[in-house]
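# Commentary on secondary and tertiary structure
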Amino acid sequence: MVDTASRSTKNDAKNRDATTDATVPATPAREAAAAPIPAPPAGARPAGPRIDVASLGHQLLGSWPEIRLEARKRVGSPELQRIEGQSMDEHRERVLGQLKILVDQGAVHRAFPKSVGGHDDHGGNIAAFEELVLADPSLQIKSGVQWGLFGAAVLHLGTEYHHETFLPAIMSLEVPGAFAMTETGHGSDVASIGTTATYDEATQEFVIDTPFRGAWKDYLGNAAVHGTAAVVFAQLVTKGVNHGVHAFYVPLRDADGAFLEGIGGEDDGLKGGLNGIDNGRLHFTGVRVPRVNLLNRYGSVAEDGTYASPISSPGRRFFTMLGTLVQGRVSLDGAANAASAAALAIAVTYGNQRRQFNAASETDEEVLLDYQRHQRRLLPKLATTYAQIFAHDEFLVKFDAVFSGKADTDGDRQDLETIAASLKPLSTWHALETLQEAREACGGSGFLAENRLVGLRADLDVYVTFEGDNNVLLQLVAKRLLTDYSKQFAKADVGAMARYVVTETAERAYHGTGLRRLGQNIADLGSTARSVAELRDADTQRSMLTDRVETMIAEIAGRLREARKLSKIEGAALFNRNQNELIEAARAHAELLQWEAFTRGLAKVTDPGTKQVLTWVRDLFGLGLIEQHAAWYLINGRLSPKRAQSVTAYLDRLIERLRPHAQDLVDAFGYGPEHLRAKIASGAEQERQDEARAYYAAKRADGTLPVPEKSKK
Ligand SMILES: Cc1cc2nc3c(=O)[nH]c(=O)nc-3n(C[C@H](O)[C@H](O)[C@H](O)COP(=O)(O)OP(=O)(O)OC[C@H]3O[C@@H](n4cnc5c(N)ncnc54)[C@H](O)[C@@H]3O)c2cc1C
């Protein structure tokens, strides 16, 4: 074992790397950057307010706490967990077996109707399902394909006949199935898929065809090996008219696993992650299915080939159909949060035990999390994870209200889709950034598969792409924001729009005057103390975040007003010139949603210590966003340079204040060793540290520690 506890002196520290430069006379700025921030020793109770970990933990479980706890218990069982290093084939078979275990445990039927043995419990179903990610993301996604996509398509796009005929075998896994929407040529733009389903009046069948290579179905879970049926999305053609994309129940394989006549396919093979799922390709040549296999909730074809739909607009019909499948986005949002929380629990626990360099003592090395840089890397991510967990629970409640019929107007559904398209991108991107940062924060240990971070990072990579590519989803959000905005100004002139922000600001008087004061003039060089007090104010944070969204949307809408008068090509070019900014505006809107959800969550906290610490965490999130977008606030005159500086200075103080609470904050996520399953977060590092320190302490005490060479010079 390397002697790291007692060897260095101030002199030789000069010759070592920059991390120990705190011992070198430094400018105040350098000192602040390199010297560890004094903090209680790892495990010591912080002075001042304390978090009630149990009650915060309960709040974080959200609106379905019992179901979530039951799911976590299941996830803690080794039979459902990933075995690192399995071959692709072994992993695929293991995950299929795990799906059967879930069926046997009655763990997957909650969302299905009572009439077929389910519970009609949509929110509870997702709460349980998203927890599976910590057993193995492949298990989460393969169950998602089977019950959340294949089964849910039959449930939401089909009618009673389909429920009775197909759902029981889907629920029991007697029929493993694929959700065949994407084609090699079209993923984000589903409306343009090439597969056709042409009605044949003579036989009363639909004939499914793949007209060209780009129209092969691709990336489909369960398609390569296990799927014996699929819900296939195709352009419905009858009497020579294309009625757009509809879904069809199509048997794929016989009892021996061979493709049925007219069907072919390929295995997608090894992927960058999620290798417990058999993704594959499918193509169809003259494959006939009965007329009744059209999942006809939103469009049906009579025996004579006449098409009918309760929704007359083809565009609205298409989006309504897709909207029923929003649950995938809900569960990816929740699963991404679980992965971020687990990553932070691992990295913070390790960071509280691992020691490296002895900048402030001759004998004691510093705990990693006492370094400012380490705190700056992990604590803002912790704050964002908290915001996302609160936002997710509100999202889940909304989802449940829509799907249970409690609040199911068109407006509710549109709001739900906008929330889904807002939150899923941010949380899945955040999970990747957090897993990577946690991985690096754990050094070489972080790179070992036994510590989970690299495996989770690889598996969650594609969460940003499937169930709607993140950038494409944010563009949908931006369009919704623009539509809402232009509805308000349908008959207004440009001047009225320009006045919008100002009026809105005034109308938001109850939010306080923070925005106007902060924005009123760039030359305002008020004292740091005063501006910090303002920034801490929740109304100021809300105003600043809201102002950014509104101003961006108002500006883009102003620029796009021209589009109505332009040709299609010029209009598209104008839109495209604003696309990047539009997506930024959607992102800003999503951040505001998260901040608001966090603030509402905070209002429900009753324990004073928890409330205080969580207020700091919320401020770290809110002000962290303002720091991140400081350029915008400066350019648009919302912050003076002096106040922008004070945001950063205050964030540094907040982080320092939060450091002693970091362990409590990750403990409140409620994941035990059976969920984290990372050796470095098991206490093993603490044991090693204690052993080494005891060894050197004993040597020092009995005078047997060899003296450093330089002490002889
Ligand atoms: C592991 C895995 C499992 C999957 N499982 C299934 C499944 O079971 N069933 C199923 O039907 N599908 C499945 N998919 C497909 C998945 O949903 C698609 O990959 C996804 O919708 C993106 O489509 P694409 O791959 O064609 O990418 P594209 O749509 O080609 O997008 C590529 C890039 O272009 C960008 N882009 C696209 N359009 C625009 C635009 N208008 N403006 C700006 N940028 C744009 C996107 O942001 C993206 O970065 C799976 C995919 C993977 C990788």
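Residues take numbers from 1 onward in each chain, read along the sequence in its written order. For a predicted model such as this one, the threshold for reporting local features is a pLDDT of at least 70, and the threshold for listing and counting side-chain atom pairs is 80 or more; totals across whole chains, interfaces and linings nevertheless cover every residue. The side-chain quantities take in all heavy atoms of the structure and omit both hydrogens and water.

An unreviewed UniProt entry lists the chain under the name acyl-CoA oxidase, with Agromyces aureus given as the organism. For the chain, the Cofactor (unreviewed entry) comment in UniProt is given as "FAD". UniProt positions are given in the numbering used here, feature names are shortened, and annotations may be inferred rather than shown by experiment. The Subcellular location (unreviewed entry) field of the UniProt record for the chain holds the comment "Peroxisome".

A run of H or I in DSSP becomes a helix once it reaches four residues, and a run of E becomes a strand once it reaches two; helices and strands are each numbered from the N terminus. Across its full length, the chain carries 27 helices and 11 strands. Across the 713 residues in the chain, those meeting the buried criterion constitute 55%. Contacts in the chain between residues far apart in sequence, at least 24 positions, make up 75% of those at least 6 positions apart. Note on areas: these come from Shrake-Rupley sampling with a 1.4 Å probe, and a residue is covered only by the protein chains present in the view. Only carbon and sulfur atoms are counted for the fraction: they give 54% of the accessible area of the chain, which is about 29,600 Å². Buried residues are those whose accessible area, probed at 1.4 Å on protein chains only, stays under 20% of the maximum for their type, while exposed residues exceed 50% and partly exposed ones sit between those limits. Contacts are assigned to residue pairs that have any heavy atoms within 4.5 Å of one another.

We now examine unusual backbone geometry. Backbone geometry at Asn-222 places phi at a positive 75 degrees, although glycine is not the residue there. Looking at Asn-222, the relative accessible area reads 1%, which means it is buried.

The sites that UniProt annotates as "domain: Acyl-CoA oxidase C-terminal" (unreviewed entry) are residues 543-680. Each end of residues 543-680 is marked by a C-alpha atom, and these two atoms are 42 Å apart; helix forms 78% of the span and strand 0%.

Looking now at the packing of helix α7 (residues 137-157) against helix α8 (residues 160-171). Fitted lines through C-alpha atoms serve as axes, helices being fitted only where they are in contact, and the angles separating the N-to-C directions of these axes extend from 0 to 180 degrees. Remark: α7 packs on α8, axes separated minimally by 9 Å, with the N-to-C direction vectors making an angle of 170 degrees. Here α7 is positioned roughly antiparallel relative to α8, judged by the angle of their axes. Here Gln-146, Trp-147, Phe-150, Gly-151, Val-154 and Leu-155 of α7 come into contact with α8, specifically with His-162, His-163, Phe-166, Leu-167, Ile-170 and Met-171. Residues that form the contact of α7 with α8 fall into these classes: eight nonpolar, four polar and no charged. The cut-offs work like this: below 35 degrees is roughly parallel, past 145 is roughly antiparallel, 65 to 115 is roughly perpendicular, and the gaps in between are oblique. When residues are grouped by polarity, Ala, Val, Leu, Ile, Met, Phe, Trp, Tyr, Cys and Pro land in nonpolar, Asp, Glu, Lys and Arg in charged, and all others, Gly among them, in polar.

Strand pairing in a sheet is mediated by backbone hydrogen bonds. Such pairs are either parallel or antiparallel. Spatially, β4-β8-β7 is the arrangement adopted by the three strands of the open sheet, whose pairing is antiparallel. Unpaired on one side and paired on the other, β4 (217-220) and β7 (263-267) mark the two borders of the sheet. Strand-to-strand twist of the sheet, defined as the mean angle between neighbouring strand axes without regard to direction, takes the value 20 degrees. A strand pair is defined by DSSP finding two or more bridges across the two strands. Pairing geometry for β4 and strand β8 (residues 280-284), over two bridges, is antiparallel. Each bridged residue has a counterpart across the sheet, and for Lys-217 the counterpart in β8 is Leu-282.

Axis separation between helix α11 (residues 372-404) and helix α22 (residues 608-628) bottoms out at 9 Å; the angle between their running directions is 105 degrees. Between α11 and α22, the angle is such that the two are roughly perpendicular. Residues Arg-376, Leu-379, Pro-380, Ala-383, Thr-384, Tyr-386, Ala-387 and Phe-390 of α11 touch α22, and the partners they reach there are Leu-614, Val-617, Leu-620, Phe-621 and Glu-627. The class makeup of the residues in the contact of α11 with α22 is 10 nonpolar, one polar and two charged.

Bringing the site of the ligand into the picture now. Taken together, 17 residues are adjacent to the ligand, and Phe-179, Thr-182, Ser-188, Asp-469 and Gln-579 come closest. Each polar contact in these results corresponds to two N or O atoms within 3.5 Å; when the atoms are within protein, one needs to be able to donate a hydrogen and the other to accept it, and residues that are neighboring in sequence are counted only if both atoms are side-chain atoms. Residue Thr-182 places a side-chain N or O atom 2.7 Å away from a nitrogen atom belonging to the ligand. Gly-187 places a polar main-chain atom, nitrogen or oxygen, 3.3 Å from an oxygen atom of the ligand. Against a free-state accessible area of 970 Å², the protein chains account for coverage of 66% of the ligand. Listing elements by their share of the shell around the ligand, those giving two or more residues are β4 and α15 (470-488). Here the shell around the ligand takes three residues from α15, the largest share from any one element. Along the lines of polarity and charge, the residues of the shell around the ligand split into seven nonpolar, nine polar and one charged. When residues of the shell around the ligand are assigned to domains, at least three map to each of domain 1 (179-321) and domain 2 (472-609 + 619-651). Near residues are defined by distance, with any heavy atom within 4 Å of the molecule or strand qualifying the residue. Boundaries of every domain are those given by an automatic assignment or by a domain database.

The pairing test for Phe, Tyr and Trp rings, Trp by its six-membered ring, is centres within 6.5 Å, and the orientation test on the planes gives stacked under 30 degrees, edge-to-face over 60, and tilted for anything in between. Scanning the entire structure with this criterion turns up 14 aromatic pairs. Pairing Tyr-386 with Phe-669 gives two aromatic rings, centres 5.3 Å apart and planes at 40 degrees, and the pair type is tilted. One end of the pair, Tyr-386, is in helix α11; the other, Phe-669, is in the loop between α25 (662-667) and α26 (673-676), with 283 residues separating them in the sequence. Considered together, Tyr-386 and Phe-669 belong to a single accessibility category, that of buried residues. Criterion for a charge above a ring: Arg CZ or Lys NZ at most 6 Å from the ring centre, at most 35 degrees from the ring normal. Its guanidinium or amino end placed over the ring of Trp-216, Arg-213 lies 4.1 Å from that ring's centre, counting from NZ or CZ. For Arg-413, the ring lying beneath its charged end belongs to Phe-403, and the centroid distance is 5.1 Å.

Here we come to the UniProt feature "domain: Acyl-CoA oxidase/dehydrogenase middle" (unreviewed entry) in the chain. According to UniProt, the "domain: Acyl-CoA oxidase/dehydrogenase middle" (unreviewed entry) feature falls on residues 178-287. Helix makes up 0% of residues 178-287 and strand 45%. Its end C-alpha atoms lie 16 Å apart.

On to the pattern of salt bridges, then. Any carboxyl oxygen of Asp or Glu within 4 Å of a side-chain nitrogen of Lys or Arg constitutes a salt bridge here. Applying the stated criterion across every chain, the model contains 41 salt bridges. With a shortest N-O distance of 3.1 Å, Arg-559 and Glu-581 are connected by a salt bridge. Placement of Arg-559 in helix α19 (residues 538-560) and of Glu-581 in helix α21 (residues 579-603) is noted, with a sequence separation of 22 residues between them. Of the charged contacts in the structure, one is a salt bridge between Lys-565 and Glu-562, with a shortest N-O distance of 3.8 Å. By relative accessible area, which is 68% here, Lys-565 ends up exposed. Taken together, the shared-partner salt bridges in this structure form one network comprising Arg-68, Arg-72, Glu-130 and Glu-131.

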